[in-house]
Amino acid sequence: MTEAHNLDCAPAGLAGVVPLPDWGVLRVQGADAASFLHAQLTQDILHLPPGGARLAAWCSPKGRMLMSAVVWRLAPDVCLLAMPRSRIAPVLRRLAMFVLRAKVQLDDASEAWSVAGAVGAALPATLAPEPWSSCDDATGRCWVRLWSGAGVARALVLQPAHGQWPQGGTLTDAWWRWLQVMSAVPWVTEPVVEAFVPQMLNYESVGGVHFQKGCYPGQEVVARTQFRGALKRRGTLWRVQGPVAVGQELFHPSDAQQPAGLVADAAAHPAQPGLWHAVASVQIAALDGQALRVGGLEGPCASPLPLPYALRDDL
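About the criteria used
Residues numbered from 1 in each chain as written. Predicted model: local features only at pLDDT ≥ 70, side-chain atom pairs only at ≥ 80, totals over all residues. Heavy atoms only, no water. Phe/Tyr/Trp six-rings, centres within 6.5 Å; stacked < 30°, edge-to-face > 60°. Helix = DSSP H or I, 4+ residues; strand = E, 2+ residues; numbered from the N terminus. Buried < 20%, exposed > 50% of the residue type's maximum accessible area, 1.4 Å probe, protein only. Pairing = 2+ DSSP bridges. Axes fitted to C-alpha atoms, helices over the stretch in contact; angles between N-to-C directions. Core = buried A, V, L, I, M, F, W, Y, C linked by side-chain atoms within 4.5 Å. 1 Å grid on protein atoms, 1.4 Å probe; cavity = no way out; pocket = protein on both sides within 12 Å on 5 of 7 lines; lining within 4 Å. Points joined across faces, edges and corners; volume = space filled by probe spheres on them. Nonpolar A, V, L, I, M, F, W, Y, C, P; charged D, E, K, R; others polar.

S.K.: When you look at the packing of aromatic side chains in this model, what are you seeing that I'm missing?
M.R.: How two aromatic rings sit relative to each other is set out by the distance from centre to centre and by the angle between their planes. Within the structure shown, the criterion is met by 4 aromatic pairs. Taken together, a centroid distance of 5.1 Å and an interplanar angle of 90° make the contact between Trp-23 and Trp-187 edge-to-face. Note that Trp-23 is positioned in strand β2 (residues 23-29) and Trp-187 in the loop between α4 (173-182) and α5 (219-227), a separation of 164 residues in sequence. By relative accessible area, Trp-23 is classed as buried at 11%. Ring geometry for Trp-58 against Phe-98: centres 6.1 Å apart, planes inclined by 90°, an arrangement best described as edge-to-face. Of this pair, Trp-58 sits in strand β3 (residues 53-59) while Phe-98 sits in the loop between α3 (88-96) and β6 (105-108); the two residues are 40 residues apart in sequence, bridging distant segments of the chain. Accessibility expressed as a relative area gives 35% for Phe-98, which makes it partly exposed.

Right, here's the structure in full:
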């Protein structure tokens, strides 16, 4: 194994469960819960079976992402949306404007449900290997498999808030955050709200957009981007020699004035001081193999890395 490859790897045997207090749960319940969400999100919720889970985004009328979440259909009339906790209140306020006559209730269920991340051997054997596969266990926990990060299997877990998470393992919050970045499937957080059409973060390639489900806010923009060759940016993975933050811009060496990309997620490597990794939406024209710079041409150097998944080729 080369030294360069070591920089992008996790330690062998990394495993465990780590609570995610910066994540929350939005609950949608009532007779119209599934149909209401189906009409709002990029994902097919009506045909999601009870116990099933999927990645979904909620977009503005211009097709820009306001939210991304894992949606669990807990029961025929109850859906849980797990997302970064800071997005719960603004999404709840705005989503409530669309309830109208629908038989549905929305609330912040973050005090009723806890969220954790799990990796490696901590994942249950009953959890299928495909991303967004889901299962429940005997303790009442709900599991959904995420995309792997740096080759390490990962899952998001929900459990009633009074429960205790399993102890032991080598997983820490720092490793979880880094593995999330290395999966190259970023979540929408405050610095990048309304910054991206889903395809700018590769959501159509990682199971976050259903193109046969019908209308939802921004659907025309998302469909046009997919099928009319309108996409000019792609989600990309980078190794960065220095600190980088969500919302920072990336610059190509040929142009110090116009940014070539925008950082959607970033984390420090827990075992390599000074080394960071980032996911950024970058202009396709700027993806010529050259290093980019963070914040300006004097900023930290960002070197491109291959994505851990294949991109759809129907753009």
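Still more to cover.
S.K.: Explain the sheet that holds β2 here, please?
M.R.: Remark on secondary structure: sheet strands pair via backbone hydrogen bonds, oriented parallel or antiparallel. Taken together, 5 strands build an open sheet; the order of strands is β3-β4-β5-β2-β6 and the sheet is antiparallel. Two strands lie at the open edges of the sheet, namely β3 and β6, each paired on one side alone. Adjacent strand axes in the sheet meet at a mean angle of 30° when their direction is disregarded. Strand direction decides the pairing type here: strand β4 (residues 65-75) and strand β5 (residues 78-84), joined by 5 bridges, are antiparallel. Counted as the bridge partner of Val-70 is Ala-82 from β5.

S.K.: Even after reading the chapter, I still don't get the nonpolar core, so can you show me in this structure?
M.R.: Side chains of a nonpolar character, in soluble globular proteins, are inclined to be buried together. Val-70, Trp-72, Leu-156, Leu-158 and Phe-196 are the most contacted members of the largest nonpolar core, which has 58 residues in total. Tallying contributions element by element places α4 first for this core, with 6 residues. Residues Leu-66, Val-71, Val-91 and Leu-95 belong to the second largest nonpolar core, which totals 24 residues.

S.K.: How should the pairing of strand β11 (residues 233-240) be read in this particular structure?
M.R.: A regular strand places its side chains so that they alternate between the two faces of the sheet. Counted residue by residue, β11 has 7 buried out of 8 residues, so it is predominantly covered. In the sheet, β11 pairs with strand β14 (residues 276-283) via 8 bridges, with the strands oriented antiparallel. Along β14, the bridge assignment pairs Trp-238 with Ala-278. Examined bridge by bridge, β11 and strand β16 (residues 301-305) share 4 bridges and lie antiparallel to one another. Residue pairing in the sheet places Trp-238 in a bridge with Pro-304 of β16.

S.K.: Where do I start with unusual backbone geometry in this structure?
M.R.: Comment: phi is negative for the bulk of residues other than glycine, and the bulk of peptide bonds are trans. The backbone of Glu-194 sits at a positive phi, close to 65°, despite the residue not being glycine. Tracing the sequence through the fold places Glu-194 in the loop between α4 and α5. Judged by relative accessible area, which is 39%, Glu-194 ranks as partly exposed. Even without being glycine, Asn-202 reaches a positive phi, approximately 65°. Take Asn-202: it is sitting in the loop between α4 and α5.

S.K.: Would you mind going over the layout of surface pockets with me for this structure?
M.R.: A water-sized probe rolled over the atoms picks out the places where empty space is left. Size it by volume and the largest pocket reaches roughly 370 Å³. What lines the largest pocket is a set of 20 residues, and nearest its centre among them are Asp-22, Trp-23, Arg-177, Trp-187 and Asp-265. The set of elements that each furnish at least two residues to the lining of the largest pocket consists of α4 and β13 (261-268). In terms of residue count, α4 provides more of the lining of the largest pocket than any other element does, 5 residues in total. Across the lining of the largest pocket, the residue classes tally to 12 nonpolar, 3 polar and 5 charged. If you add up the space inside the second largest pocket, you get close to 200 Å³. Every residue lining the second largest pocket is counted, 14 residues in all, and those nearest its centre are Asp-8, Ala-150, Met-182, Leu-237 and Pro-306. Looking at side-chain class alone, the lining of the second largest pocket contains 8 nonpolar, 4 polar and 2 charged residues.

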